[in-house]
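# Observations on the three-dimensional arrangement
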Amino acid sequence: MKRIICLVSVLLMLVFIVVGCAENPRGTFGPAWDVGVQIPLVEYEREDIRDLLDDEDVEFGENDEVVEYHYSDLLEEIELGDELDEVEDELPQVSENINMDPIEIAVDDASFEETLENIPAGVSGSSGDIDQIDKIELNFVQEFDDINFTSIGLADQGLNITLTNPKGSGITVEEFKLIFSDEDGEIASLDVVGEDADYEGNLEPDDDAKAELINVELPAEVDVDIEIATEGTDTGDLVLDFSFDEIEANKATDLDVDNADIEEDFTRDVGVDTSDLQGSKSIKFAAGQFKIEIEDESDFDFEFESFELGNLSQTGNGIIDLDRKILDISSLEEDGINFNLKVSAESPITFDFTKDFMVTGGFEGAEIEEIKIESLDDFSENEEFELDDLEGTINEDGDTIDDLPEELADIEFSDELKMELIFAGLTELGLEIELEDFVFEAYNEGEKLIEKIDLSGTYKENISLTKDDNNLLDLLTNEDTDYIEYGGDYRIRQIEDQYAKLTPDSQIDIEFNAEVPIEVTLTDDIEHRLEPEELDDNICEDDVDLIKDGIKNARLKAEIDNQLPVEVEIEIYVARISDYADDEDLEDELYRDENKLATGFDLAARTYDADFETPFEVDDADRFTEDNLYVGGKIILPVDEEEEEMKFELRSNDYIEINNLYAVLTAKVNQ
């Protein structure tokens with residue numbers, strides 16, 4: 001058995017020796033065989049729909065939502081809410097004088113008299129000149145021991161004076177005048193009988209003359225001088241009576257108020273200037289208060305029992321909390337401010353009602369939440385508010401629509417296309433917009449007008465730009481259109497029979513907006529380039545030597561997952577590039593037709609293939625022997641020329657994935 005094994009081994013060795021020394025395909029002697037070479041090209045590349053439609057205006061929803069192309073251009077931003085800051089600054093303030101009624105002073109014995117005895121007939125002079133007449137010293141505090149004051153200002157109810165010429169008197173009084181004075185001089189004078197007196201003619205016996213001293217401030221002690229002229233045949237006595245029906249004082253110093261009838265409460269109205277709020281219907285406040293105060297120098301204490309500001313009211317301290325309150329401007333204009341004051345004081349008091357009290361007040365910390373306007377024209381004409389934005393011109397600089405995404409230029413628009421001129425915030429504010437000479441105009445490359453649509457008119461809502469009479473799509477799809485200019489004049493108006501409303505955030509945005517669901521008819525190929533990658537580190541010197549010896553077969557292999565709604569083609573490019581300016585220049589150099597290595601990676605829609613491969617020309621394998629190699633690829637969504645329409649819908653989670661793409665080469669050894 002051992003002999004048989006040894007014999008077989010010897011025979012096998014002889015066979016190998018003979019074969020190895022046989023002539024190979026090169027014409028030389030030796031063995032010949034194939035060697036496989038694998039060159040990694042793309043380790044992993046995933047391109048989702050965001051990459052294929054690389055445009056900032058394309059909107060991708062979540063999960064499986066339909067992708068939409070959005071184009072938006074803010075034409076005008078009209079900020080109306082900023083004007084409320086001006087309204088807050090110009091809210092009316094109050095500064096007005098009010099008067100107080102005189103204080104009534106009750107007295108137990110309100111009269112006293114002086115008798116002038118033995119006045120001769122035919123005299124003319126004054127006390128001090130006539131022996132029978134002395135000046136009178138009045139001491140009100142002494143006479144009226146139930147009141148006490150330093151001085152008192154007599155009001156309409158003043159000091160009553162009666163001069164009596166008794167029956168049987170031997171004189172007739174032609175003139176009788178009282179001069180009131182103190183240590184500082186004359187205070188007042190009063191004609192009882194005479195040309196300037198209320199009493200007419202001479203005072204005959206058995207008659208009396210009355211006069212009243214009012215609107216005069218008298219001290220507690222006052223001297224009264226008398227000027228007199230008489231005629232007759234004998235002497236006579238005159239009786240001078242001083243009395244108060246009641247004392248009304250509008251001014252006093254150190255008055256004892258125990259018996260003073262102080263008006264405990266009184267109501268006053270104060271007008272409010274609402275001219276700065278013309279055109280306004282009402283104001284709703286978010287915060288703040290309205291506060292009034294009484295400014296005076298008296299010893300009275302004032303307490304607000306009630307307080308009304310137009311339709312708003314508050315009981316208590318003269319402060320109305322404005323939080324969440326709505327002030328009706330017409331009621332403010334008609335009713336102004338109404339308040340009821342409670343007055344109190346402790347003796348002694350000093351006051352001067354000949355001077356008005358000052359009522360001051362206004363809005364503090366007011367923040368407007370909303371202002372309702374019944375006449376926007378009147379409101380905007382108020383010089384305090386600069387509502388210049390209510391009218392203007394859109395696009396004075398001549399901006400254009402001339403930049404659609406490259407990929408979308410090759411598709412037809414879906415019936416679900418929406419294009420609008422949007423007036424955001426308009427209807428919420430109770431406003432409408434009037435457009436004048438507002439047009440979209442399409443121009444060709446020679447800057448010649450070829451077509452336009454005119455949108456002049458008055459609008460309360462957004463304008464659709466896909467209707468027959470103003471279809472912007474006609475301009476966009478016109479093959480001669482190079483760019484579109486748009487613009488015109490506008491004016492914001494109030495909707496008839498409606499109130500306009502402004503809030504701090506009130507703003508009107510005039511915006512051109514397009515929403516295109518990517519549910520399209522493909523009319524031309526859509527191509528997407530992968531970013532070039534350097535290859536030198538993926539190829540070793542031994543592989544280069546084998547490739548130089550000769551390649552008999554060349555293929556590309558990969559794992560491909562196409563989750564796009566259409567069939568895709570993949571083209572692979574390999575080229576030697578040693579000089580380029582930037583990344584864009586690198587792409588342009590790589591993606592030349594002569595650098596295409598392979599095409600025909602055709603994969604049906606929604607398909608996964610773990611062993612996808614396609615051949616390429618063996619002569620093209622020589623590229624892998626060069627330095628400075630770059631590899632790249634194109635993903636192509638091709639048009640099927642046999643189909644009349646090729647419709648598909650793009651969704652947010654669509655993608656294509658390439659994994660482990662490499663070149664598989666079969667190298668010849670001794671062949």
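Residues numbered from 1 in each chain as written. Predicted model: local features only at pLDDT ≥ 70, side-chain atom pairs only at ≥ 80, totals over all residues. Heavy atoms only, no water.

## As for the packing of aromatic side chains
For clarity, the cut-off: For Phe, Tyr and Trp, where Trp contributes only its six-membered ring, two rings pair if their centres lie within 6.5 Å, and the inter-plane angle classes them as stacked under 30 degrees, edge-to-face over 60, or tilted in between. Numbering of helices and strands starts at the N terminus; helices are DSSP runs of H or I of at least 4 residues and strands are runs of E of at least 2. The classification of residues rests on relative accessible area computed with a 1.4 Å probe and restricted to protein chains. Under 20% of the type maximum is buried, over 50% is exposed, and intermediate values are partly exposed. To sit over a ring, a charge needs its Lys NZ or Arg CZ within 6 Å of the ring centre and within 35 degrees of the ring normal.
What the rule picks out here adds up to 12 aromatic pairs. Ring geometry for F285 and F363: centres 5.7 Å apart, planes at 25°, overall stacked. With F285 in strand 20 (residues 280-295) and F363 in strand 27 (residues 357-373), the pair connects residues that are 78 residues apart, well separated along the chain. Among the residues examined, F363 registers a relative accessible area of 11% and is labelled buried. Measuring from centroid to centroid gives 6.3 Å for F438 and F440, while their planes differ by 65°, and the two rings are edge-to-face. The pair F438 / F440 is uniform in exposure class, with both members buried. An aromatic cluster of three or more residues is present, and its members are F285, F290, F304, F307, F339 and F363. We note R46 situated over the ring of Y655; from NZ or CZ to the ring centre the distance is 3.8 Å.

## A look at the confidence of the model for the protein chain
Threshold: The predictor attaches a confidence to each residue, called pLDDT, with possible values from 0 through 100. Residue contacts are counted whenever heavy atoms from the two residues lie within 4.5 Å of one another.
For the protein chain, the mean per-residue pLDDT works out to 79, and 80% of the residues sit at or above 70. Per-element confidence in the protein chain ranges from a low mean pLDDT of 46 for helix 1 (residues 2-20) to a high of 93 for strand 11 (residues 171-182). The low-confidence segment residues 4-22 (pLDDT under 50) makes seven contacts with residues lying over four places distant or belonging to another chain. Within the model, the stretch residues 383-388 combines pLDDT values under 50 with 15 contacts to residues more than four positions away or in other chains.

## Brief notes about the environment of E445
Among the structural elements, E445 can be located in the loop between strand 32 (431-443) and strand 33 (449-454). Counting along the chain gives 35 residues from E445 to D480, while the straight-line C-alpha distance between them is 7.8 Å. For E445, the residues in contact, after removing those within four places along its chain, are D480 and D482.

## Topic: the environment of L163
Mapped onto the elements of the fold, L163 is located in strand 10 (residues 159-165). Along the primary structure L163 and T115 are separated by 48 residues, whereas in three dimensions their C-alpha atoms are 9.7 Å apart. L163 has contacts with F176, V192, V193, L203, D207, D208, A209, L238, V239 and L240, leaving out every residue within four places of it along the chain.

## Focus: the nonpolar core
Here is the rule we go by: What we call a nonpolar core is a set of buried Ala, Val, Leu, Ile, Met, Phe, Trp, Tyr and Cys residues that are connected through their side-chain atoms within 4.5 Å.
If you look at the biggest cluster of nonpolar residues, it comprises 119 residues, and the most contacted ones within it are L159, F176, L178, I337, F339, L421 and F440. The element best represented in this core is strand 27, accounting for seven residues. Formed by 47 residues, the second largest nonpolar core is a distinct cluster that contains I570, L586, L603 and F616.

## Observations concerning the pattern of salt bridges
Two side chains carrying opposite charge are able to pair once their charged atoms lie near each other. Filter applied, for reference: By convention in these notes, a salt bridge is any Lys or Arg side-chain nitrogen within 4 Å of a carboxyl oxygen on Asp or Glu.
Applying the stated criterion across every chain, the model contains 19 salt bridges. Close ionic contact of R46 with E657 constitutes a salt bridge, the shortest N to O distance being 3.4 Å. A residue pair is termed long-range when its members are at least 10 positions apart, and R46 in strand 1 (residues 33-48) and E657 in strand 48 (residues 655-669) qualify at 611 residues. On the basis of relative accessible area, R46 is assigned to the partly exposed category, the value being 36%. Notably, a salt bridge pairs E432 with K460, separated by 3.5 Å at the nearest N-O pair. Pair noted here: E432 is in strand 32 and K460 is in the loop between strand 34 (457-459) and strand 35 (463-464), with a separation of 28 residues, a long-range link. One network of salt bridges, with partners in common, ties together E432, E434, K460 and R493.

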